[in-house]
Amino acid sequence: MSDSAPIRLAIVDDDPMVRAALGMMLGGNSGITVVGEAVNGVEALTVVPQSGADVVLMDIRMPVRDGLSATELLLQRDSTLKVIVLTTFDADDMVLRALRLGAAGFMLKDTPPARLVDAVRTVAAGQPMLSPSVTAQLIAAVTETDGGATDRADAARARLAGLTEREREVADAVGRGLSNAEISSELFMSVPTVKTHVGRLFTKLDVDNRVQVAILVHDAAD
């Protein structure tokens, strides 16, 4: 997908009102086009490939076939597809299972419109996007299963010590689950500048995505 091409979005949810609301919220946004809708996981297996979607907003609890099993099958068929799991709850096991299956994001249905738009753009660009509460749960789940808290904290602090003061502010904001737009507003910098700083964080900290930055920030605070 080129930078100038609109992001092609498919919406999978059994509630017609939710589909309509998401379609109005996202379809009217510059740079995002809703190209398909499905009412359950089975229908999604046909609609999503036919629509040519780049990103899918996938509900979890649906009749006939749930969103997680549909996500697994869709990603087996097309590994370039980006799936954002969208749900009303954020149970730990659902978060971890969705991410293990290859979901690129996990957002709650009460996510503000601006953050949801940013999530679609972020995953389309190849980076995972999680709501703040989900980020916190994921970090907790990862650290609870990993021993050596003191060593981990020391190692994280050493890696973060190489950042500039501004980069550390951006890292802390990423650790709180803020989107690029929210970091831009909080730190009084443009969104492109935020993106530049986030890219530098990935390089300096030797990580691949925002969740790994958040885990490092969490570890350093222990």
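One can find the structure itself at the top, above this paragraph.
Residues numbered from 1 in each chain as written. Predicted model: local features only at pLDDT ≥ 70, side-chain atom pairs only at ≥ 80, totals over all residues. Heavy atoms only, no water.

Caption draft 1: Just the pattern of salt bridges, in detail. Per the stated rule, a full pass over the model turns up 9 salt bridges. A salt bridge links Asp-172 to Arg-168, with the shortest nitrogen-to-oxygen separation between them at 2.9 Å. Linking Asp-172 with Arg-168, this pair stays in helix α8 (residues 165-175), spanning 4 residues, or about one helical turn. You can call Arg-168 partly exposed: its relative accessible area is 29%. Among the ionic contacts, a cluster of salt bridges with common partners joins Asp-13, Asp-59 and Lys-109. (Salt bridge = Lys/Arg side-chain N within 4 Å of Asp/Glu carboxyl O. Helix = DSSP H or I, 4+ residues; strand = E, 2+ residues; numbered from the N terminus. Buried < 20%, exposed > 50% of the residue type's maximum accessible area, 1.4 Å probe, protein only.)

Caption draft 2: Molecular detail of the packing of α8 against helix α10 (residues 191-205). Across the interface, α8 lies against α10 with an axial gap of 10 Å and an inter-helix angle of 90°. As summarised for this structure, α8 and α10 are arranged roughly perpendicular, according to the angle between their axes. Contact residues: Arg-166, Glu-167, Val-170, Ala-171 and Val-174 in α8; His-197, Val-198, Arg-200, Leu-201 and Lys-204 in α10. Grouping the constituent residues of the contact of α8 with α10 by class yields 5 nonpolar, 1 polar and 4 charged. (Axes fitted to C-alpha atoms, helices over the stretch in contact; angles between N-to-C directions. Parallel < 35°, antiparallel > 145°, perpendicular 65-115°, else oblique. Contact = heavy atoms within 4.5 Å. Nonpolar A, V, L, I, M, F, W, Y, C, P; charged D, E, K, R; others polar.)

Caption draft 3: How the structure looks around the layout of surface pockets. Quantified by volume, the second largest pocket comes out at close to 170 Å³. What lines the second largest pocket is a set of 12 residues, and nearest its centre among them are Leu-99, Ala-103, Ala-104, Pro-128 and Asn-209. Looking at the lining of the second largest pocket residue by residue, the classes come out as 7 nonpolar, 4 polar and 1 charged. (1 Å grid on protein atoms, 1.4 Å probe; cavity = no way out; pocket = protein on both sides within 12 Å on 5 of 7 lines; lining within 4 Å. Points joined across faces, edges and corners; volume = space filled by probe spheres on them.)

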